[in-house]
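# Architecture and fold: a report
Chain residues, written in single-letter form:
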Amino acid sequence: MQPRRIRKRTTNKQTTSFINQVIAELQAHPEKLDIVRQNLDEYREQTYLKRGFLLAIERFDWVFEASNDVNFICQQILADDYIGNRLRRYPLLFKGVINST
């Protein structure tokens, strides 16, 4: 039996651009972290979500539990590790951060 290869997912350019805009907006306006928290609460209340989306919500909860520092949170979102990849995979978590006032 051959070992299973782990396929590394690549993030498309549109998502990467969006995430970079979100990071810039969060660093400029740390109070917008509340929008992310509201999104997490909104999606957490939904009955039927994909398991991956639920895991992303859980990982975001871990990040917020670790620190409320906007720079730390942005580093976690951009990190090239399991948590960062999971958070970037679901841009809906950042809905409203860029185009809200």
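Remember, predicted model here, so these are calculated numbers, not experimental data. (Residues numbered from 1 in each chain as written. Predicted model: local features only at pLDDT ≥ 70, side-chain atom pairs only at ≥ 80, totals over all residues. Heavy atoms only, no water.)

### Observations concerning the pattern of salt bridges
A side chain with one charge can pair with a side chain of the opposite charge if their charged atoms come near. Under the defined criterion, the tally for this structure stands at 6 salt bridges. Across the salt bridge formed by Arg 37 and Asp 34, the nearest N and O atoms sit 3.4 Å from each other. Within this pair, Arg 37 and its partner Asp 34 are both found in helix α2 (residues 33-44), separated by 3 residues, close to a single helical turn. Close ionic contact of Asp 61 with Arg 44 constitutes a salt bridge, the shortest N to O distance being 2.6 Å. Remark: Arg 44 occurs in helix α2 and Asp 61 occurs in helix α3 (residues 51-66); sequence separation between them is 17 residues. Put simply, Asp 41, Arg 44 and Asp 61 are held in one network by salt bridges that share partners. (Salt bridge = Lys/Arg side-chain N within 4 Å of Asp/Glu carboxyl O. Helix = DSSP H or I, 4+ residues; strand = E, 2+ residues; numbered from the N terminus.)

### Here's the deal with helix α4 (residues 70-78)
For α4, the full list of buried residues reads Val 70, Ile 73, Cys 74, Gln 76 and Ile 77. Around the axis of α4, the buried residues are gathered within 160° of arc, so they sit on the same side. Residues of α4 that are buried make contact with α1 (13-28), α2, α3 and α5 (82-88). (Buried < 20%, exposed > 50% of the residue type's maximum accessible area, 1.4 Å probe, protein only. Arc of directions from axis to C-beta. Contact = heavy atoms within 4.5 Å.)

### Comments concerning the environment of Phe 64
With respect to the helices and strands, the residue Phe 64 is situated in helix α3. Along the primary structure Phe 64 and Ile 98 are separated by 34 residues, whereas in three dimensions their C-alpha atoms are 20 Å apart. Once residues lying within four places of it in the same chain are set aside, the contact partners of Phe 64 are Leu 33, Val 36, Arg 37, Leu 40 and Ile 73.

### Some words on the environment of Ile 23
With respect to the helices and strands, Ile 23 occurs in helix α1. Residues Ile 23 and Phe 94, spaced 71 residues apart in sequence, show a C-alpha to C-alpha distance of 9.8 Å. Contacts of Ile 23, omitting those with residues within four sequence positions, involve Cys 74, Ile 77 and Leu 78.

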